[in-house]
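Structure assessment
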Amino acid sequence: MISHPSRHCTVELHALPSRIGQVRRIVSAQLRYWHLDPLIDHAALGVTELLTNVHRHAQPDKLCTVEIELLLDRLTVSVHDHDPRLPEVRDVDPSSTSGRGLAMVAAVSESWGVRANGESGKVVWFTLPAAQPPAATPARMPRRVTEKPAQRFADVEHGVDVRRAAHAAARSAVAG
């Protein structure tokens with residue numbers, strides 16, 4: 001049984017540099033809340049690039065809506081703006097300092113695209129695969145401590161044979 005088949009979050013904003021950072025933090029916090037921490041970096045990068053495009057290119061205004069939706073095992077991030085012009089991935093000179101946003105979105109996402117939204121603008125979106133979080137494991141019973149931590153450290157400290165420490169076999173805290 002699927003307990004949360006769809007999760008949805010929407011933020012409306014003017015795509016100004018200070019608001020772009022704020023929306024990136026909102027998206028990151030929402031993904032943390034949904035226990036999708038592994039997706040935060042790619043989602044934050046993608047939404048930053050899409051909002052930067054709105055800031056730099058959208059006409060007549062910078063008003064836009066960011067939507068993130070988790071549907072089963074796929075996260076979709078989309079940005080809706082009022083500019084009907086569709087963006088294109090461009091070939092960029094290696095020394096250029098801009099123009100790689102959509103290529104970066106394509107590189108970090110599973111898929112991406114753009115669609116006209118009637119005469120009222122467009123939607124640019126990308127998807128990320130969202131693995132289901134592991135099932136909750138039962139909590140362990142807390143271990144009963146019968147001695148004081150300071151006493152344990154004192155016992156260990158006095159129990160070390162300094163003469164043999166240099167010849168002791170190396171031990172690892174990592175299992176295996």
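Residues numbered from 1 in each chain as written. Predicted model: local features only at pLDDT ≥ 70, side-chain atom pairs only at ≥ 80, totals over all residues. Heavy atoms only, no water.

**A look at the packing of helix α1 (residues 17–33) against helix α2 (residues 40–57)**
For any two helices packed against each other, the geometry comes down to the angle between their axes and how far apart the axes lie. The test is simple: Axes here refer to lines fitted to C-alpha atoms; in helices the fit is confined to the stretch in contact. Angles between the N-to-C directions go from 0 to 180 degrees. Secondary structure is summarised from DSSP: a helix means a run of H or I of at least four residues, a strand means a run of E of at least two, and numbering begins at the N terminus for each. Each angle gets one of four labels, with under 35 degrees taken as roughly parallel, over 145 as roughly antiparallel, 65 to 115 as roughly perpendicular, and the rest as oblique. In this scheme the handedness of a crossing depends on how the near helix is turned from the far one: anticlockwise by less than a right angle means left-handed, clockwise means right-handed. Pairs of residues are marked as contacts when any of their non-hydrogen atoms sit within 4.5 Å. Side-chain classes are defined by residue name, with Ala, Val, Leu, Ile, Met, Phe, Trp, Tyr, Cys and Pro counting as nonpolar, Asp, Glu, Lys and Arg as charged, and the others, Gly among them, as polar.
The geometry of α1 relative to α2 is characterised by a closest axis approach of 9 Å and an angle of 155 degrees between their N-to-C directions. For the element pair α1 / α2, the angle class is roughly antiparallel. Note on packing geometry: the crossing formed by α1 with α2 is right-handed. Listed contacts from α2 to Pro17, Ile20, Val23, Arg24, Val27, Ser28, Leu31 and Arg32 of α1 are Ile40, Ala43, Ala44, Val47, Thr48, Leu51, Thr52 and His55. Grouping the constituent residues of the contact of α1 with α2 by class yields 10 nonpolar, four polar and two charged.

**Topic: the nonpolar core**
Applicable threshold: Grouping buried Ala, Val, Leu, Ile, Met, Phe, Trp, Tyr and Cys residues that are joined through side-chain atoms within 4.5 Å yields what is termed a nonpolar core. Three exposure classes are used, based on accessible area relative to the maximum for each residue type with a 1.4 Å probe and protein chains only: buried under 20%, partly exposed in between, and exposed over 50%.
In terms of nonpolar packing, the biggest core is built from 31 residues, with Leu31, Trp34, Leu51, Leu75 and Val79 touching the most fellow members. Broken down by secondary-structure element, the contributors of at least two residues to this core are β1 (6–14), α1, α2, β2 (63–71), β3 (74–81), α3 (101–108) and β5 (122–129). The dominant element in this core, judged by the number of residues it contributes, is α2, at six residues. Not counting the four nearest positions on each side in its chain, Leu31 is found in contact with Leu36, Asp37, Leu39, Ile40, Ala43 and Leu75.

**So, the confidence of the model for the protein chain**
What counts is decided by this rule: How sure the predictor is of each residue is captured by pLDDT, a score from 0 to 100.
Per-chain confidence: the protein chain averages 78 in pLDDT, with 71% of residues scoring 70 or above. When the criterion is pLDDT under 50, residues 136–176 qualifies, and its contacts beyond four places in sequence or with other chains add up to three contacts.

**Section: α3**
Because each turn of an α-helix spans 3.6 residues, side chains separated by three or four positions end up pointing in the same direction. This is how the line gets drawn: When we speak of the arc, we mean the arc of directions from the helix axis to the C-beta atoms.
Three or more residues of α3 are buried, namely Gly101, Leu102, Val105 and Val108. Looking down the long axis of α3, one finds its buried residues gathered within 130 degrees of arc, a one-sided arrangement.

**Considering the side chain of Thr127**
The line we're drawing: For this analysis, a polar contact is any N or O atom pair within 3.5 Å, provided that within protein one partner can donate a hydrogen and the other can accept it, and provided that sequence-adjacent residues contribute only side-chain to side-chain pairs.
Locating Thr127 in the fold gives a position in strand β5. Exposure remark for Thr127: the relative accessible area of 5% places this residue in the buried category. In terms of polar contacts, Thr127 uses its side chain to reach the side chain of Ser111, at 2.6 Å. Discounting chain neighbours no more than four positions away, the residues touching Thr127 are Arg74, Leu75, Thr76, Ser109, Glu110 and Ser111.

**Topic: unusual backbone geometry**
Cis geometry is found at the peptide bond from Gln59 to Pro60, where omega equals 5 degrees. Relative to the helices and strands, Pro60 resides in the loop between α2 and β2. Residue His35 is not a glycine yet carries a positive backbone phi of 60 degrees. Within the fold, His35 resides in the loop between α1 and α2. A relative accessible area of 56% means that His35 is categorised as exposed.

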